[in-house]
Amino acid sequence: RFGQGAFAGRRDARHFELADLEHGGVWAIHGSPSVAAASDQRASEKTDDQRSPLRRILPWAVACVTGLALLIVLYAYWRASRSAPSAPMELSLAIPSDQVLYTADGPAIVVSPDGSRIAYVTGAPTQTQIYIRDLEKSEATPLEGANGSAPFFSPDSRWVGFFSNDGKLEVVSVFGGTPFAVANADSHRGASWGKDGIVFTKEVTSGLYRVSLKGGKTAAVTHLDAARNEITHRWPQILPGGKEVLFTASSDNNNFTRADVEAASLVTGQAKVLVENAYFGRYLPTGYLTYISGGTLFAEPFDANNLRLTGPPMPILQNIQSDLSNGSAQLSFSENGTGVYLTGQALASQVRVALVDRKGDATPLVRQPGDYFAPRFSPDGKQLALQVGIGNISVYDLARGTMTPLTFPPGDCVSPVWTPDGKRIACARLSSAGRGTGIAWLASDGAGSVERLTTRAKERQIPFSWSPDGRALAFAQYSLTTGGCCEIWTLPINPSGRPGNPKPFITAQGGVGAPAFSPDGHWLAYSSYESGESQVYVAPYPGPGGKWEISVSGGQFPVWSKSGHELFYQSLATNLALYAVHYSVQKGSFQAGTPALLFQGDFAAVDPFPSYDVAPDGKHFVAFEPVGGKAPMSAPPTVVLNWFTRVARLTGSGQK
């Protein structure tokens, strides 16, 4: 639209110049006769009549040639102005102050293929709303009944698909109406609409599926590569021609630093790895493959017909908002070059560690910012174990203010958990490729080597809590039957420190995780998705017995107080909100009080591990503060017109 307007101005100028040339251009070049010259002209008329015909027509020939040359120049300028790429233009897209973009389940805002409108998602888990906004209008319209996330457009830009909050893949007209379901889908990990149907993620841990809008069953189109320990394919994009699909593959469902961008045939399912250590691959119609790696958006020239990269990668955007915990990025673009994205750091990077009281007042604890995860106080409260980056464990001494690495690059441990005596730290052991292979432990003073507690496992096992006597370790494990996350198991440890055989403890539809032993060892708190939303429950250990729901409006990552009858958990929001629940035990029955909000604010919830821990005194907590003092996702969306021109310029290849 902007390009057409600019061209319209040039077209008017061209018409003006041609008209001027037609009605006076020749005289403008040669000059108009003066009154004195007119007398001389009459005196020489007889002589002129006697000149040769060639001499009489020569001036007119020169004028015609000159005029034709001007026409050629003007036409060349007009053609050049049409073929020259338009400069990119950035616009800030205002979202009403009472609407908060929902970014937890993938891109919160997407642009239609024709670039005429956008769809965006607001709200909180299970309470989301999809809006449509024409880019020529100033207000958005809610699509009635479109309550879900991860929206995507049909090829003709007239329909929007989304994952509903009740586990369905649904579509709805951009002009309104009642959404209708086309398939069951428990996950919210992306879909792409092509001429032969929709390719989508049916489950969080599965390959990709396709469903025809004409009806019928869903069919698998990609298969997890066991040789690469893949457990998930997600964020698909059907490539031009509709015969191949681009997607992100990973062996880790909670951290996508070492994921791969792949492409597969929709006919044979045969896949090809395009880029390693990258995620959220997207093809640009101008011949580029973009992806996220190290928190930066890269672009490489790409031959989509032969699925082959043809040039070196170049950084395009360094402050795009991405999510390492699910492999998504807040980025979308149309076929005509209109892009939309959210700025901000990767959700799993660059935070400061703070000590927080029960009112939410924070003081710096570890001043140096970093990629910190899973903070854990030592049993005596004098040290703090942290996962630093992907696979490295460090211990911070609160009194001395020193940080001591326990593992060294290439790191191989995540999710640290102190033993009750404080002498060892258990962790999830990673392979050299970053794939979960079981549980190990190491001395908390850095002496000795890492020792395995579980045998090499195909499933990912993540430790969370030791029993008070140190005789059992509760951990979450991917399901042996479905590959989904997760089931709760316990690992017995004998007095000499030798592990026994792991035992299953709790399984539930939708998955369970984050187990935490009570101070007396008689109860196990955990989070479960059995109701469709993560809630915190308590069950007797080692069982059998019933269970008690602790949270009211969603909760995760329970932690017990060691100084009183109190259980804490964090909300499902992007920013950390911490709740406390007082409890008692009467005749073997667990009695929980009403959850009370302790504090919330600019504390980051850094998935996929707990973003807080409770000090032994029960009065202080450790939490993460985003660098800059504000939680991510505060900037409004940026719309870029002619974004493909910027990509071509930054890659140095010119417009394709």
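Keep in mind that what you see is a predicted model, and the values were worked out from it rather than measured. (Residues numbered from 1 in each chain as written. Predicted model: local features only at pLDDT ≥ 70, side-chain atom pairs only at ≥ 80, totals over all residues. Heavy atoms only, no water.)

Section: the overall build of the protein
Within the protein, the regular secondary structure consists of five helices and 52 strands. Taking the contacts inside the protein whose residues are at least 6 apart along the sequence as the reference set, 44% of them involve residues at least 24 apart. Just so you have it, the protein exposes about 30,200 Å², and 52% of that area is on carbon and sulfur atoms. (Helix = DSSP H or I, 4+ residues; strand = E, 2+ residues; numbered from the N terminus. Contact = heavy atoms within 4.5 Å. Areas by Shrake-Rupley, 256 points an atom, 1.4 Å probe, with all protein chains shown as cover.)

Focus: helix α5 (residues 643-651)
Each full turn of the α-helix corresponds to 3.6 residues, which orients residues three or four apart in the same direction. Taken across its nine residues, α5 has seven buried, putting it largely inside the fold. For α5, the set of buried residues is W643, F644, T645, R646, V647, A648 and T651. (Buried < 20%, exposed > 50% of the residue type's maximum accessible area, 1.4 Å probe, protein only.)

Side note on the pattern of salt bridges
Taken as a whole, this structure holds six salt bridges when the rule is applied. Here D260 and R228 are joined by a salt bridge, their closest N and O atoms 2.5 Å apart. Highlighted residues: D260 in strand β16 (residues 260-265) and R228 in the loop between β13 (219-220) and β14 (232-238), separated in sequence by 32 residues. Within the structure, one salt-bridge network assembled from shared partners comprises R228, E230, D260 and E276. (Salt bridge = Lys/Arg side-chain N within 4 Å of Asp/Glu carboxyl O.)

Topic: the pairing of strand β51 (residues 620-626)
Where burial is concerned, most of β51 is hidden: five out of the seven residues are buried. Two elements, strand β27 (residues 351-357) and β51, share seven bridges in a ladder whose sense is antiparallel. By the bridge assignment for β51, L355 is matched with V622. With antiparallel pairing between neighbouring strands as the criterion, strand β50 (residues 612-614) and β51 make up a hairpin whose turn holds five residues, including G618 at a positive phi of roughly 70°. (Pairing = 2+ DSSP bridges.)

Topic: the sheet that holds β16
The sheet built from four strands is open, its strands ordered β14-β15-β16-β17 with antiparallel pairing. The outermost strands of the open sheet, each flanked by one partner alone, are β14 and β17 (271-276). With strand direction ignored, the average angle separating the axes of adjacent strands in the sheet is 30°. (Axes fitted to C-alpha atoms, helices over the stretch in contact; angles between N-to-C directions.)

Here's the deal with the nonpolar core
Counting residues in hydrophobic clusters, the biggest one holds 41 residues, and the most contacted among them are V353, L384, F568, F599, Y612 and F624. In this structure, F256, L284, W643 and V647 belong to the second largest nonpolar core, which totals 23 residues. (Core = buried A, V, L, I, M, F, W, Y, C linked by side-chain atoms within 4.5 Å.)

Topic: the sheet that holds β51
The pairing of strands in a sheet comes from backbone hydrogen bonds and takes either a parallel or an antiparallel form. Here we have four strands laid out as an open sheet, ordered β28-β27-β51-β50, and antiparallel in their pairing. Each end of this open sheet is capped by a strand with a single partner; those strands are β28 (362-370) and β50. Taking the axes of each pair of neighbouring strands and ignoring which way they run, one obtains an average angle of 20° across the sheet.

Notes on the side chain of S611
The residue S611 is located in the loop between β49 (596-604) and β50 in this model. If near-sequence neighbours (up to four positions away) are discounted, S611 is found in contact with P375, Q570, L576, A604, A605, V606, V622, A623 and F624.

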